[in-house]
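In case you want the letters, here they are:
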Amino acid sequence: MCRTKMAADALDPTASPRTPSRKRTTPKFKPKSDPTTPNPASGGYSTGSSYKLDTSVTTTSVSSQTSLSSFRDNLPENAHIYDFAEIRSATNNFLARRHSSSTSSSSWRCTLRGKDVVVFQRKFRRPMDLPRLRERLSVICRSHHMSIVKLLGVSVSGDHVYLVYDFVTGASLSDCLRNPRNPNFTVLSSWMSRMQVATDLAHGLDYVHSNAGGLSAGFVHKYIKSGSAIVTEPSFNAKICHFGTAELCGETAVEAAAEDVTPRKEDKGSGQAFEGARGYMSPEFRSSGIATQKSDVYALGVLILELLSGEEPLKYKFDRASGDYRKISVVDAARYAVDGGGEEVEARVRKWVDRRLKDSFPVEVADKVIRVALECVHVDPDKRPGMQRVAGKISKLYLDSTIWCERVRVPTEFSVSFAPR
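Residues numbered from 1 in each chain as written. Predicted model: local features only at pLDDT ≥ 70, side-chain atom pairs only at ≥ 80, totals over all residues. Heavy atoms only, no water.

Caption draft 1: Structural context of the nonpolar core. Judged by nonpolar contacts, the single largest core of 80 residues is most densely connected at Leu173 and Leu300. Setting aside its immediate chain neighbours within four residues, leucine 173 contacts Leu188, Val197, Leu201, Ser226, Ala229, Val231, Leu303 and Leu307. Within the second largest apolar cluster, 11 residues are counted, among which are Tyr82, Cys110, Val119 and Leu152. (Core = buried A, V, L, I, M, F, W, Y, C linked by side-chain atoms within 4.5 Å. Buried < 20%, exposed > 50% of the residue type's maximum accessible area, 1.4 Å probe, protein only. Contact = heavy atoms within 4.5 Å.)

Set out below in structure tokens:
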């Protein structure tokens, strides 16, 4: 009877392994030539200070080199003002395959200076000279957070600016929640995966508002929505895209105040005046067209409600009885789930939360998350909380969800077998 190599090794543990083991090299030490030091061989003593490292025989760790290189790649870089010829060469004169993006602007995935990047084409809302652009870009590129996609640099051609972002492998949050090919499937099928995404997005936006570029920078994102969030596997961490776009294109309240620009009525209805996502725009943003930090908080509140329910922020459904379309808002549905009448709050929350979670979530925590999101979408911007408070509450609820998950986890200390004995 023949045996396989693995079986032979298992039966004979003294056999030599299939792969030779590496011989570990240890540093050599040489004693100091001190005549006053006693000789250990003659019965004296020796201390650690009587030895010195021989640097002629040292080994380098491959793992340490890898970790240092990855750490160096993640460090914030200096601002790059790319030559427009580099952008044209990387995108094959803009004939390369376009990258699918959530914004209306054109984008291309390409390789620029040895890095896999995505180039977005935007139009300046207000003219900006090169020194001011370089100053704003240097502040943005110094910002670094694990929940924000890095901006590597820009290139200017006429009234267009080309923003170069680091490419991140993953899928947009909108695609993760709503797959048209399979509506009943989602990769975010657990409560902890959705809380992980909510926590990452809250901390990322908190960094944009409070810490990016310094404490007095006061950055505004403006493009918070499910299509501008990338979810990575396997830990389901989320990253915010398009950071710095509004600042570099002159679309924030800071730029408008610096130039004393007031939106005109004829500009409010035009597509060139401002760009916003349907369902994510706050009331003051729709009326003025100027993005602020409070409008970002409103958009994040809508995004959290969308994350919990799996539904679009705003959609229209045909009503056969009236023969007209009826508007369905995720904000109104969430407000009815926690403050409506008729049924108990627990029953309404269970009906409102995404059914693809299969009713496996802590109802008390879900109710608190919904209420935090409803505070963010308050009509009055002065009554909306700041991002530091929102991020703190979401982090606390994430810890509560972790405790719930540990309590309801299936025990793994024992095994069950139905085979005959």
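Caption draft 2: Up close: the packing of helix 11 (residues 293-309) against helix 14 (residues 363-376). Contact geometry for helix 11 and helix 14: axes closest at 7 Å, N-to-C directions at 150 degrees. Overall, the two elements helix 11 and helix 14 adopt an arrangement that is roughly antiparallel. Remark: the crossing between helix 11 and helix 14 carries left-handed chirality. Facing helix 11, whose interface residues are Val297, Tyr298, Gly301, Ile304, Leu305 and Leu308, helix 14 presents Val369, Ile370, Ala373, Leu374 and Cys376. (Axes fitted to C-alpha atoms, helices over the stretch in contact; angles between N-to-C directions. Helix = DSSP H or I, 4+ residues; strand = E, 2+ residues; numbered from the N terminus. Parallel < 35°, antiparallel > 145°, perpendicular 65-115°, else oblique. Left-handed = near helix turned anticlockwise from the far one by under 90°.)

Caption draft 3: Layout of helix 6 (residues 191-210). Between the first and last C-alpha of helix 6 there are 28 Å, a value that for 20 residues agrees with the 28 Å anticipated at 1.5 Å per step. Counting buried positions along helix 6 gives 19 out of 20 residues, so the element sits mostly inside the fold. (Expected span 1.5 Å × (residues − 1).)

Caption draft 4: Examining the pairing of strand 7 (residues 160-166) more closely. Of all 7 residues in strand 7, 5 are buried, a share of seventy percent or more. Looking at chain direction, strand 5 (residues 115-123) and strand 7 are connected through 7 bridges and run antiparallel. Bridge assignment links lysine 123 to a residue of strand 7, and that residue is histidine 160. Here strand 6 (residues 151-157) pairs with strand 7 via 6 bridges, running antiparallel. In the sheet register, glycine 153 faces strand 7, and the bridge partner there is valine 164. (Pairing = 2+ DSSP bridges.)

Caption draft 5: Representation of the sheet that holds strand 3 (residues 80-81). An order of 3-6-7-5-4 is seen for the 5 strands of this open sheet, with the pairing classed as mixed. Of all strands in the sheet, those bounded by a partner on one side alone are strand 3 and strand 4 (107-112). Here helix 4 (residues 130-141) sits on the sheet and contacts strand 3 and strand 6; the angle it forms with strand 6, its principal contact strand, is near 165 degrees.

Caption draft 6: Spatial organisation of the packing of aromatic side chains. Tallied over the entire structure, the rule returns 7 aromatic pairs. One aromatic cluster is present, formed by Phe84, Phe94, Trp108 and Tyr162 through successive ring pairs. When the ring centre of phenylalanine 361 is taken as origin, the NZ or CZ atom of arginine 350, which lies over that ring, is 5.8 Å away. (Phe/Tyr/Trp six-rings, centres within 6.5 Å; stacked < 30°, edge-to-face > 60°. Lys NZ or Arg CZ within 6 Å of the ring centre and 35° of its normal.)

Caption draft 7: Highlighting the side chain of histidine 221. Relative to the assigned elements, histidine 221 resides in the loop between helix 6 and strand 9 (229-232). Judged by relative accessible area, which is 0%, histidine 221 ranks as buried. Among the polar contacts made by the side chain of histidine 221, one reaches the main-chain carbonyl oxygen of cysteine 241 at a distance of 2.6 Å. Setting aside residues no more than four positions away along its own chain, histidine 221 makes contact with Leu205, Val208, Ile240, Cys241, His242, Phe243, Ala246 and Asp296. (Polar contact = N/O pair within 3.5 Å; in protein donor to acceptor, adjacent residues only side chain to side chain.)

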